[in-house]
Amino acid sequence: MATALALPAHAQQQNAGAGNAGVEKRGRITPFNGAAMPEGAAADKGDDKSAGGNKKPADGAVPSSGVNVFDRMGAELPALPAEKPFTGKVDDAYGAFQRGYYLTAMDLALPRAQLGDPAAQTLIAEILQQGLGVVRDPKQAAFWYGQAAEKGDPAAMFKYALILMEGRYVKRDRKKSEELMKKAADLGNGSAQFNYGQTLVADNPGPKGLKLAMPYYEKSAEQGIADAQYALSQILVNVDGIEEGKRARAREWLIRAARAGYDTAQLDIAIWMIEGIAGDRNLEEGFGWMRRAAEGGNVVAQNRLSHLYINAIGTRPNPVEAAKWYVLSRRAGLKDDALEDFYLGLNEEQQKQALSAANKYRRS
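Starting from 1, residues in each chain are numbered consecutively following that chain's sequence as written. Reporting of local features is limited, given that this is a predicted model, to residues whose pLDDT is at least 70; pairs of side-chain atoms are given and counted only at 80 or more, and all residues count toward the totals for whole chains, interfaces and linings. The side-chain quantities take in all heavy atoms of the structure and omit both hydrogens and water.

**Student:** Describe the packing of aromatic side chains, and please don't skip the residues or the numbers.
**Tutor:** Think of a pair of aromatic rings as described by two things: how far the centres are apart, and how the planes are tilted against each other in angle. Side-chain rings of Phe, Tyr and Trp (the six-membered ring for Trp) are treated as a pair once their centres are within 6.5 Å; stacked means planes under 30 degrees apart, edge-to-face means over 60, and tilted covers the remaining angles. The tally for this structure, following the rule as stated, stands at eight aromatic pairs. Measuring from centroid to centroid gives 6.2 Å for Tyr326 and Tyr343, while their planes differ by 55°, and the two rings are tilted. A residue pair is termed long-range when its members are at least 10 positions apart, and Tyr326 in helix H15 (residues 319–331) and Tyr343 in helix H16 (residues 337–344) qualify at 17 residues. An identical accessibility class is assigned to Tyr326 and Tyr343; each is buried. Counting as a charge over the ring demands two things of the Lys NZ or Arg CZ atom: a distance within 6 Å of the ring centre and an angle within 35 degrees of the ring normal. Geometry around Tyr216 places Lys219 over its ring, the cationic atom sitting 5.6 Å from the centre. Over the face of the ring belonging to Tyr343 we find Arg330, whose NZ or CZ atom lies 5.2 Å from the ring centre. To qualify as a helix, a DSSP run of H or I must reach at least 4 residues; to qualify as a strand, a run of E must reach at least 2; elements of each kind are numbered from the N terminus. Buried residues are those whose accessible area, probed at 1.4 Å on protein chains only, stays under 20% of the maximum for their type, while exposed residues exceed 50% and partly exposed ones sit between those limits.

**Student:** Run through the side chain of Ser306, naming residues and quoting values.
**Tutor:** Along the chain, Ser306 turns up in helix H14 (residues 299–311). Any two residues having at least one pair of non-hydrogen atoms within 4.5 Å are treated as being in contact. Discounting residues that sit within four places of it in the chain, Ser306 has contacts with Ala322, Trp325, Tyr326 and Leu339.

**Student:** I'd like to hear about the pattern of salt bridges, residue by residue, with values.
**Tutor:** Every case where a carboxyl oxygen of Asp or Glu lies within 4 Å of a side-chain nitrogen of Lys or Arg is listed as a salt bridge. Applying the stated criterion to the full structure yields 13 salt bridges. The salt bridge partner of Lys182 is Asp186, with a shortest N-O separation of 2.7 Å. Here Lys182 pairs with Asp186, and both are found in helix H6 (residues 174–186), just four residues apart, close to one helical turn. Here Lys182 falls in the partly exposed class, since its relative accessible area comes to 33%.

**Student:** If you had to explain the confidence of the model for the protein chain to someone new, which residues and values would you point to?
**Tutor:** Per-residue confidence from the prediction method is given by pLDDT, with values spanning 0 to 100. Looking at the protein chain, the pLDDT average stands at 82 and 75% of residues meet or exceed 70. Every residue in residues 1–39 scores below 50 in pLDDT, and together they form 125 contacts with partners more than four places removed in sequence or on other chains. Here residues 41–75 scores under 50 on pLDDT; set against residues more than four positions off or in separate chains, the count is 69 contacts.

**Student:** Could you give me a rundown of the environment of Pro154, with the residues and numbers involved?
**Tutor:** With respect to the secondary-structure elements, Pro154 resides in helix H5 (residues 154–166). Spatially, the C-alpha atom of Pro154 lies 10.0 Å from that of Lys182, the residues being 28 residues apart in sequence. Discounting residues that sit within four places of it in the chain, Pro154 has contacts with Ala184, Leu187 and Asn189.

**Student:** Before we move on, can you summarise the packing of helix H12 (residues 263–275) against helix H13 (residues 283–295) with the specific residues and values?
**Tutor:** Between H12 and H13, the shortest axis-to-axis distance is 8 Å and the interhelical angle comes to 160°. Our classification of the angle between H12 and H13 gives roughly antiparallel. For the crossing formed where H12 meets H13, the hand is left-handed. Contacts between H12 and H13 involve Asp263, Gln266, Leu267, Ile269, Ala270, Ile271, Met273 and Ile274 from the first element and Leu283, Glu285, Gly286, Phe287, Trp289, Met290, Arg292 and Ala293 from the second. Whenever a helix is involved, its axis is fitted only over the stretch in contact; in every case the axis is a line through C-alpha atoms, and angles between N-to-C directions fall within 0 to 180 degrees. Our angle categories are set so that under 35 degrees counts as roughly parallel, over 145 as roughly antiparallel, 65 to 115 as roughly perpendicular, and the remainder as oblique. Helix crossings fall into two classes, left-handed where the near helix is turned counterclockwise from the far one by less than a right angle and right-handed where it is turned clockwise.

**Student:** Explain the side chain of Ser329 residue by residue, including any values.
**Tutor:** Secondary-structure assignment places Ser329 in helix H15. With relative accessibility at 0%, the residue Ser329 sits in the buried group. Identification of polar contacts relies on pairs of N or O atoms within 3.5 Å, with a donor-acceptor requirement for protein atoms, meaning one able to donate a hydrogen and the other able to accept it, and with residues adjacent in sequence counted only if both atoms are side-chain atoms. At 2.9 Å, the side chain of Ser329 and the backbone oxygen of Tyr326 are in polar contact. Among all residues touching Ser329, those that are not within four sequence positions of it are Val299, Gln302, Asn303 and Leu334.

**Student:** With reference to specific residues and values, describe helix H8 (residues 207–222).
**Tutor:** For a helix, the expected span equals 1.5 Å multiplied by the residue count minus one. Compared with an ideal rise of 1.5 Å per residue, which puts 16 residues at 22 Å, H8 spans 22 Å between its outermost C-alpha atoms and is within 8% of the ideal. At Met214, H8 shows its strongest bend, of approximately 40°, with the proline Pro215 following within four residues. Within the sequence span of H8, burial applies to Gly209, Leu210, Ala213, Met214, Tyr216, Tyr217, Ser220 and Ala221. In the core, the buried residues of H8 are packed alongside H6, helix H7 (190–203), helix H9 (226–238), helix H10 (244–247) and helix H11 (250–259). Among the residues trailing H8, Gly224 stands out with phi positive, at a value near 95°. Bend is the name given here to the angle between axes fitted to two runs of seven residues, the run ending at a residue and the run starting at it.

**Student:** Lay out the packing of H14 against H15 with the relevant residues and their values.
**Tutor:** The N-to-C vectors of H14 and H15 enclose an angle of 155°; their axes lie 8 Å apart at closest approach. Here H15 runs roughly antiparallel to H14, going by the angle between their axes. Note on packing geometry: the crossing formed by H14 with H15 is left-handed. Along its contact with H14, which presents Val299, Gln302, Asn303, Leu305, Ser306, Tyr309 and Ile310, the element H15 presents Glu321, Ala322, Trp325, Tyr326, Leu328 and Ser329. For this classification, Asp, Glu, Lys and Arg are treated as charged, while Ala, Val, Leu, Ile, Met, Phe, Trp, Tyr, Cys and Pro are nonpolar and the rest, including Gly, are polar. A breakdown of the residues in the contact of H14 with H15 according to their chemical character gives eight nonpolar, four polar and one charged.

Right, here's the structure in full:
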């Protein structure tokens with residue numbers, strides 16, 4: 001439940017359609033120039049690690065990095081705001097946890113957890129779940145998550161909802177899982193907001209479910225959850241009846257997900273920029289995003305990058321680079337008759353260079 005995206009991100013593709021005001025093109029443009037996916041593979045899988053060239057934590061909580069220091073190179077940075085004095089109560093257990101002193105954190109948190117402190121119970125659960133300084137014990141972690149969830153800790157509610165849905169360490173209870181997920185989402189947990197949106201989409205197929213989920217995706221996206229940013233971008237472009245002011249932000253959300261390292265978003269923003277979807281065409285930037293997704297291991301992006309090199313879209317023509325990326329995508333099982341014909345038309349030296357480059361890429 002935590003990762004099964006009921007949108008084009010991890011599953012389906014949409015065909016291009018007529019545009020609404022403010023959007024030049026609508027719909028998902030297929031990333032295959034005559035290419036056929038490997039047998040048994042999902043057409044838009046992009047990457048399944050969970051799901052990608054860049055791994056994300058199990059709860060999907062990967063923040064968008066925004067504009068990094070290299071993007072700002074040469075620009076004068078604004079002055080940092082004055083630091084406000086901390087007047088709250090210091091949590092020594094969490095302080096030890098953040099510094100990597102996990103056994104100390106456990107020793108400090110356990111007495112509080114036994115007395116019913118939900119924050120301490122959640123901390124104990126995290127240590128046990130991840131096996132930080134102790135033997136990993138998912139069953140005991142589930143117990144402490146459950147205790148903290150009952151006392152209203154949003155993070156514990158989210159984790160325990162997933163445990164209840166899986167049914168591995170506690171009895172499976174979908175109804176209670178969904179109730180806890182909604183409570184955690186309504187209390188502001190970004191990962192719970194995304195996952196509850198997923199539940200709404202699964203329970204209400206079609207545009208109705210997407211519109212019901214949209215407010216939760218928006219809240220989650222604002223907190224930097226890349227999956228939610230991607231999902232929101234797809235809804236804004238593909239679903240009718242969306243407020244135009246919100247629809248105009250579709251490309252912004254997709255870029256934020258791409259910057260977070262979500263390779264499917266990188267592939268899509270490349271296509272959007274090249275095809276002029278939800279904004280103006282920008283061939284050079286589109287090529288840059290396609291190359292980034294390809295270098296991250298996205299097989300479809302590797303295939304498409306080969307076509308961009310052949311047709312000099314956003315870059316200079318480069319037959320050896322085109323052949324290199326085709327070889328890599330072919331080895332991953334992505335067939336493309338047009339690229340095969342192109343490759344066979346190269347001379348022996350060019351093929352040799354391409355194979356050598358592909359082999360070096362795999363070793364790196």
